[in-house]
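Residue-level structure breakdown
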Amino acid sequence: MLHLQQYLSESQQQEILQHCREIGKKSPLFSPTMKNGSPFNYQMTNCGKVGWISDQNGYRYDEKHPVTNKPWQPIPGVIRNLAKSLAAEVGDYNYKPETCLINYYTQSSKLGLHQDNTEVNQKSPIISISLGDDGIFLIGGKRRKDPTKEIILKSGDILILHGESRMFYHGIKGIIHGTSNLLKSGGRLNLTIRQVY
Ligand SMILES: O=C(O)CCC(=O)C(=O)O
Ligand SMILES: [Fe+2]
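Here's what I pulled together on the structure shown here. Small disclaimer: the values here were computed from a predicted structure and weren't measured.

For the structure shown, the criterion picks out 11 salt bridges. For Asp 62, the salt bridge goes to Arg 60, with nearest N and O atoms at 3.7 Å. For the salt bridge of Glu 119 with Arg 166, the shortest nitrogen-to-oxygen distance reads 3.0 Å. Of this pair, Glu 119 sits in the loop between strand E6 (111-114) and strand E7 (126-132) while Arg 166 sits in the loop between strand E10 (158-161) and strand E11 (170-176), and the two are 47 residues apart along the sequence. Each member of the salt-bridge network shares a partner with another, and the members are Asp 116, Glu 119, Arg 166 and Arg 194.

What follows is the structure, given as structure tokens:
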């Protein structure tokens with residue numbers, strides 16, 4: 001795992017945020033549900049040729065937004081290039097940013113401990129960009145019961161799950177409201193860029 005603190009400048013953060021707003025106009029945030037129909041505790045959207053979705057049929061990558069039924073928007077060049085250069089920092093010089101999941105967390109949002117295992121390719125690094133309020137990230141090991149530690153992800157931080165940590169259990173315990181002014185109405189955005197295939 002590689003945690004790059006305060007990696008993005010204020011203006012880089014603003015630029016990425018602006019792209020998220022544009023994406024949100026065409027591919028609005030939605031609340032995914034679990035197989036049993038209960039909603040997740042946060043909202044999401046995607047960009048890229050496929051996007052991660054979850055509903056009564058389970059979770060998967062899909063070429064269309066589940067609400068609008070339209071294809072996802074392309075990943076903005078600045079995000080693609082950033083992801084490629086970050087992948088190179090952990091030794092992947094052939095990284096293909098195929099999808100970018102955008103999660104939005106409010107004061108009461110959480111994301112339970114999970115492994116990222118929907119991808120066909122479970123070797124390529126997962127690159128995460130945090131914007132807005134601090135997120136309390138939990139990271140454990142390869143087994144659900146492994147002990148976890150807390151890492152605070154601040155606006156502009158990058159976290160890369162690669163190598164062994166690619167399959168480590170992780171989650172978001174909550175966010176710390178009021179720790180950033182980047183998002184006008186508060187909350188936290190997290191972008192995860194992945195090579196799925
Ligand atoms: O919000 C985060 O930092 C983590 C997001 C995450 O683990 C996921 O979307 O799979
Ligand atoms: Fe995850």
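Time to look at the sheet that holds strand E9 (residues 149-153). The strand order across the open sheet built from four strands is E6-E11-E8-E9, with neighbouring strands paired in antiparallel fashion. Two strands bound the open sheet, and with one partner strand each, they are E6 and E9. Averaged over all neighbouring strand pairs, the angle between strand axes comes to 25°, with direction disregarded.

In this section: the nonpolar core. Side chains of a nonpolar character, in soluble globular proteins, are inclined to be buried together. Core analysis: the biggest nonpolar cluster contains 27 residues, and Ile 16, Ile 127, Ile 129 and Leu 191 have the highest contact counts within it. Contributions of two or more residues to this core are made by helix H1 (10-26), helix H2 (77-89), strand E5 (99-105), E7, E10 and strand E12 (188-194). Here this core gets five residues from one element, more than from any other, and that element is H2. With residues near it in sequence (within four places) discarded, Ile 129 still touches Leu 8, Ile 16, Leu 82, Asp 157, Ile 158, Leu 189, Asn 190, Leu 191 and Ile 193. Among the nonpolar cores identified, the runner-up in size contains 23 residues, and Val 50, Tyr 61, Tyr 105 and Ile 151 belong to it.

Strand order across the open sheet formed by six strands is E1-E10-E7-E12-E5-E2, with antiparallel pairing between neighbours. The sheet terminates laterally at strand E1 (2-4) and strand E2 (43-48), the two strands that pair on one side only. Put simply, the sheet's adjacent strands are angled 15° from each other on average, direction ignored. When E7 meets E12, the two strands line up antiparallel, connected through six bridges. What sits directly across from Ile 129, in E12, is Leu 191. The sheet strands contacting H2 are E1, E7, E10 and E12, and the helix crosses E7 at an angle near 125°.

It is worth spelling out the layout of surface pockets at this point. Its volume calculated, the largest pocket comes out at about 670 Å³. Estimated volume of the second largest pocket: approximately 260 Å³. Together, 13 residues line the second largest pocket, and Leu 17, Arg 21, Tyr 104, Leu 183 and Leu 189 are the ones closest to its centre. Of all elements in the fold, only H1 and E5 reach the threshold of two or more residues within the lining of the second largest pocket. The dominant element in the lining of the second largest pocket, judged by the number of residues it contributes, is H1, at four residues. When grouped by side-chain class, the residues that make up the lining of the second largest pocket number seven nonpolar, four polar and two charged.

In this fold, Asn 103 is placed in strand E5. Note on Asn 103: relative accessible area 4%, which makes it buried. A polar side-chain atom of Asn 103 sits 3.2 Å from a polar atom in the side chain of Tyr 105.

Here we take up the environment of Pro 125. Within the fold, Pro 125 resides in the loop between E6 and E7. Taking the C-alpha atoms as reference points, Pro 125 and Met 1, 124 residues apart in sequence, are found 9.4 Å from one another. If sequence neighbours within four positions are ignored, Pro 125 has contacts with Ala 87, Val 90, Asp 92, Tyr 95, Ile 160, Leu 161, His 162 and Ile 193.

Time to look at the pairing of strand E4 (residues 58-62). In this structure, strand E3 (residues 51-55) lies alongside E4, joined through five bridges in antiparallel fashion. Directly across from Ser 54, in E4, lies its bridge partner Tyr 59. Connecting E3 to the antiparallel partner E4 that follows it, the hairpin turn spans two residues.

Calculation rules
Residues numbered from 1 in each chain as written. Chains lettered and ligands numbered in written order. Predicted model: local features only at pLDDT ≥ 70, side-chain atom pairs only at ≥ 80, totals over all residues. Heavy atoms only, no water. Salt bridge = Lys/Arg side-chain N within 4 Å of Asp/Glu carboxyl O. Helix = DSSP H or I, 4+ residues; strand = E, 2+ residues; numbered from the N terminus. Pairing = 2+ DSSP bridges. Axes fitted to C-alpha atoms, helices over the stretch in contact; angles between N-to-C directions. Core = buried A, V, L, I, M, F, W, Y, C linked by side-chain atoms within 4.5 Å. Buried < 20%, exposed > 50% of the residue type's maximum accessible area, 1.4 Å probe, protein only. Contact = heavy atoms within 4.5 Å. 1 Å grid on protein atoms, 1.4 Å probe; cavity = no way out; pocket = protein on both sides within 12 Å on 5 of 7 lines; lining within 4 Å. Points joined across faces, edges and corners; volume = space filled by probe spheres on them. Nonpolar A, V, L, I, M, F, W, Y, C, P; charged D, E, K, R; others polar. Polar contact = N/O pair within 3.5 Å; in protein donor to acceptor, adjacent residues only side chain to side chain.

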